[in-house]
Amino acid sequence: MRTIVITGPSGSGKSYLSNKLTKSFDNSIVIKTDSYYKDTKLIRLLSIFLYDIYDRPLSIKKNEIKKTLRSIHNKDRLISFYNYDFKRKKSTQSKVKINYKGDNQFIILEGIFAHRLDLTYQKTINIVCVDEKEICFKRRVKRDLLERGRDIREVNNKFNKSWYLFYQNIQTHLQENKVISLNPSDKVAYDKLVSNLQTHKNN
């Protein structure tokens, strides 16, 4: 089962792309790095003093993400997934029964940290979502106001820092691995991606 790694700066359309791919490739399994944030006392304390703590890998359960990936590759029937409540800053775990039937199945690992998990990215299908910064910011504002209980000033500060950190840390990934850059809203580019993935799905 091939793994698709989707990363990109905040608001670039990562979730939108992963949702589209699950419709094009039935039975694909999505893992969102946003669901694996830590809720430890240390992270909560650091979040008071570092407003960008959730834009740094320190804040996520990297080992748990890798454990979830291993379980899926091993075709375990019950897989541990996590969910993170941003308003309550609370992480919860659930066991999900997976159906491994279907020819079109991919693992889709999606999130701003997806390229920073120390995986063997030479063996994954790597995608970086791109769009104009202003458009990405508008998407981030809409999401954070509705889903994460943040005000516009907080969103602005977090977005600018997140954008800077992403492009500061993506360069190594781009240099060391084969990466597809894609605007998820570009239909021609998406159709080309789907055609490309059709050739990979059983390899």
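Structure's up top.
Residues numbered from 1 in each chain as written. Predicted model: local features only at pLDDT ≥ 70, side-chain atom pairs only at ≥ 80, totals over all residues. Heavy atoms only, no water.

(A) Here's a closer look at helix α4 (residues 133–147). With 15 residues, α4 should reach 21 Å at 1.5 Å per residue; the first-to-last C-alpha distance of 21 Å fits that figure. Looking only at α4, the buried set comprises Cys136, Arg140, Val141 and Asp144. For α4, the angular spread of buried residues about the axis comes to 140°, placing them on one side. What points out from α4, more than 90 degrees from its buried face, is the exposed set Glu134, Lys138, Lys142 and Leu146. The elements touched by buried residues of α4 are α5 (152–169). Looking one or two residues past α4, Gly149 carries a phi angle of roughly 65°, positive in sign. (Helix = DSSP H or I, 4+ residues; strand = E, 2+ residues; numbered from the N terminus. Expected span 1.5 Å × (residues − 1). Buried < 20%, exposed > 50% of the residue type's maximum accessible area, 1.4 Å probe, protein only. Arc of directions from axis to C-beta. Contact = heavy atoms within 4.5 Å.)

(B) Here's a closer look at the packing of aromatic side chains. Within this structure, the stated rule accounts for 12 aromatic pairs. Here Tyr37 and Tyr54 contribute two aromatic rings whose centre-to-centre distance is 5.3 Å and whose plane-to-plane angle is 85°, an arrangement assigned as edge-to-face. Highlighted residues: Tyr37 in the loop between β2 (29–32) and α2 (41–49) and Tyr54 in the loop between α2 and α3 (62–73), separated in sequence by 17 residues. Relative accessible area serves as the criterion here: at 3%, Tyr37 is assigned to the buried category. Tyr54 sits in the buried class, given a relative accessible area of 7%. (Phe/Tyr/Trp six-rings, centres within 6.5 Å; stacked < 30°, edge-to-face > 60°.)

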